[in-house]
Amino acid sequence: MNKLGLHANVWVRDWGRDDCVLAVNKTAELGFDIIEISAPDPKALDIAFTARQLDKAGIRANLSLGLDAESDISSGDPARVRAGEARLRDVIAAAGDLGASHVCGILYSAFQKYAEPPTAAGIAGAVEVLSRVGEEAARHGITLGLEVVNRYETNVLNTAVQGVELCRMIGLPNVRIHLDSYHMNIEEADMELAIVDAGEHLGYFHIGESNRGYLGAGSVDFPRIFNGLARIDYSGPIVFESFSSTVVGQPLCGILGIWRNLWDDGEDLARHAKTFMLAHLQAAREGKAEPRRSALPA
Ligand code: MN
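Residues numbered from 1 in each chain as written. Predicted model: local features only at pLDDT ≥ 70, side-chain atom pairs only at ≥ 80, totals over all residues. Heavy atoms only, no water.

A. Expanded view of the overall build of the protein chain. When helices and strands are tallied, the protein chain shows 10 helices and 8 strands. Against the compact-globule benchmark of 19 Å for 298 residues, the protein chain has a radius of gyration of 19 Å, which places it among compact chains. Over its C-alpha atoms, taken along the principal directions, the protein chain stretches across nearly 65 × 45 × 40 Å. Relative to its 298 residues, the protein chain shows a buried fraction of 55%. Long-range contacts, defined as pairs at least 24 residues apart, comprise 76% of the intrachain contacts of the protein chain with a sequence gap of at least 6. Accessible surface computed for the protein chain: about 13000 Å², of which carbon and sulfur atoms make up 51%. (Helix = DSSP H or I, 4+ residues; strand = E, 2+ residues; numbered from the N terminus. Rg over C-alpha atoms; globule rule 2.2 N^0.38 Å. Buried < 20%, exposed > 50% of the residue type's maximum accessible area, 1.4 Å probe, protein only. Contact = heavy atoms within 4.5 Å. Areas by Shrake-Rupley, 256 points an atom, 1.4 Å probe, with all protein chains shown as cover.)

B. Examining the packing of helix α8 (residues 222-231) against helix α10 (residues 266-293) more closely. Viewed as axis vectors pointing N to C, α8 and α10 meet at an angle of 60°, and their least axial separation amounts to 9 Å. Taken together, the axis directions place α8 and α10 in an arrangement best described as oblique. Here the hand of the crossing between α8 and α10 comes out right-handed. Counted together, Phe222, Pro223, Phe226, Asn227, Ala230 and Arg231 of α8 and Phe276, Met277, His280, Leu281, Ala284 and Lys288 of α10 form the full contact between these two elements. Classifying every residue of the contact of α8 with α10 by side-chain character gives 8 nonpolar, 2 polar and 2 charged. (Axes fitted to C-alpha atoms, helices over the stretch in contact; angles between N-to-C directions. Parallel < 35°, antiparallel > 145°, perpendicular 65-115°, else oblique. Left-handed = near helix turned anticlockwise from the far one by under 90°. Nonpolar A, V, L, I, M, F, W, Y, C, P; charged D, E, K, R; others polar.)

C. Helix α4 (residues 120-139), seen in detail. End to end, α4 covers 29 Å across 20 residues, agreeing with the expected 28 Å (1.5 Å per residue, within 8%). Within the span of α4, buried status applies to Gly122, Ile123, Gly125, Ala126, Val127, Val129, Leu130, Val133, Gly134 and Ala137. In the segment just after α4, glycine 141 is the residue with positive phi, at about 70°. (Expected span 1.5 Å × (residues − 1).)

D. Highlighting the sheet that holds strand β7 (residues 202-207). Read once around its circumference, the closed barrel built from 8 strands follows the order β1-β2-β3-β4-β5-β6-β7-β8, with strand pairing classed as parallel. Direction aside, neighbouring strands of the sheet carry axes that sit 30° apart on average. Both strand β5 (residues 143-147) and strand β6 (residues 175-180) contribute to a ladder of 4 bridges, which runs parallel. Looking at β6, one finds that leucine 146 is bridged to isoleucine 177. (Pairing = 2+ DSSP bridges.)

E. Geometry of the coordination of the manganese ion. Bound to the manganese ion on the protein side are Glu147 (OE), Asp180 (OD), His206 (ND1) and Glu241 (OE), at distances that span 2.1 to 2.2 Å. Considered as a linear motif, the donors of the manganese ion on their single chain read E-x32-D-x25-H-x34-E. Placement of the pair is aspartate 180 in strand β6 and glutamate 241 in the loop between β8 (238-240) and α9 (252-256), with a sequence separation of 61 residues. Both residues of the pair, aspartate 180 and glutamate 241, belong to the buried class. (Donors = N, O, S within 2.8 Å, 3.2 Å for Na, K, Ca; no water.)

F. Expanded view of the layout of surface pockets. There is about 810 Å³ of room inside the largest pocket. Along the wall of the largest pocket there are 42 residues; nearest its centre are Ser38, Ala39, Pro40, Ser64 and Leu252. Only β2 (34-38), β3 (60-67), β4 (102-110) and α9 provide two or more residues apiece to the lining of the largest pocket. Ranked by residue count, the leading element in the lining of the largest pocket is β3, at 4 residues. Class assignment for the residues of the lining of the largest pocket results in 20 nonpolar, 11 polar and 11 charged. Taken as a whole, the second largest pocket spans an internal volume of roughly 210 Å³. Taken together, 13 residues make up the lining of the second largest pocket; nearest its centre are Asn2, Ala230, Tyr234, Leu281 and Arg285. Elements represented by at least two residues in the lining of the second largest pocket include exactly α8 and α10. (1 Å grid on protein atoms, 1.4 Å probe; cavity = no way out; pocket = protein on both sides within 12 Å on 5 of 7 lines; lining within 4 Å. Points joined across faces, edges and corners; volume = space filled by probe spheres on them.)

Here is the structure:
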């Protein structure tokens, strides 16, 4: 059974103590297993306090981030590559202290619109760093999820097959692809096939609508997404991600282009998302079982 999660931005913008208590307790109250916390600066998180709240509530946290231009490990610039490796090591250490199972996001390049395609030397540099930090993550029992995002947020991984190629270059069982239905809806020719292509390399999944609001109130073909997950027997986390100007502040709001208020009530949104995810998981399981029930009389 997949662990279901919720991105912290459904509840809070920052991660002060009051934010942490509210977000962790609400996430647990709605029956989610995981809260995903943005950790662009893991040193700014109060790890010990957060770990206590998670223990009390009986849920786990994962950390996510995107690198920036100054820490871009795909840049080919030695100083930036070193800065990126240091950032990744910091977030892995924080995740280890938090008891997290996954660190995910744009861990292989800057989280930005690029003006040029990536270079072979840049990719090779990113592979070298991810191989080292992947081994470090394994020592903490952590899986790294390389999030495949749309062309406006990176120039390296825009499709699942590119993710498979990068994972193969790194060659570690705990460095996997992280897919997100919002991004797939922009870039993949066939979302179900993309999930099948990711196959055993898929390690993390973000479920999000085309406008990043309520699931089902957009154009993502969710039955095909969940059919794809069922076809590969995906058993990893599925985390709901949604952003509204009600909660998200800068710099994330600027990078992601969150200009509109898609919802006011995060609790209603999250409750609906959980029902939606469970219904689609069950429908896909039943659909997969259908051929077995369709045998002609012998
Ligand atoms: Mn995502």
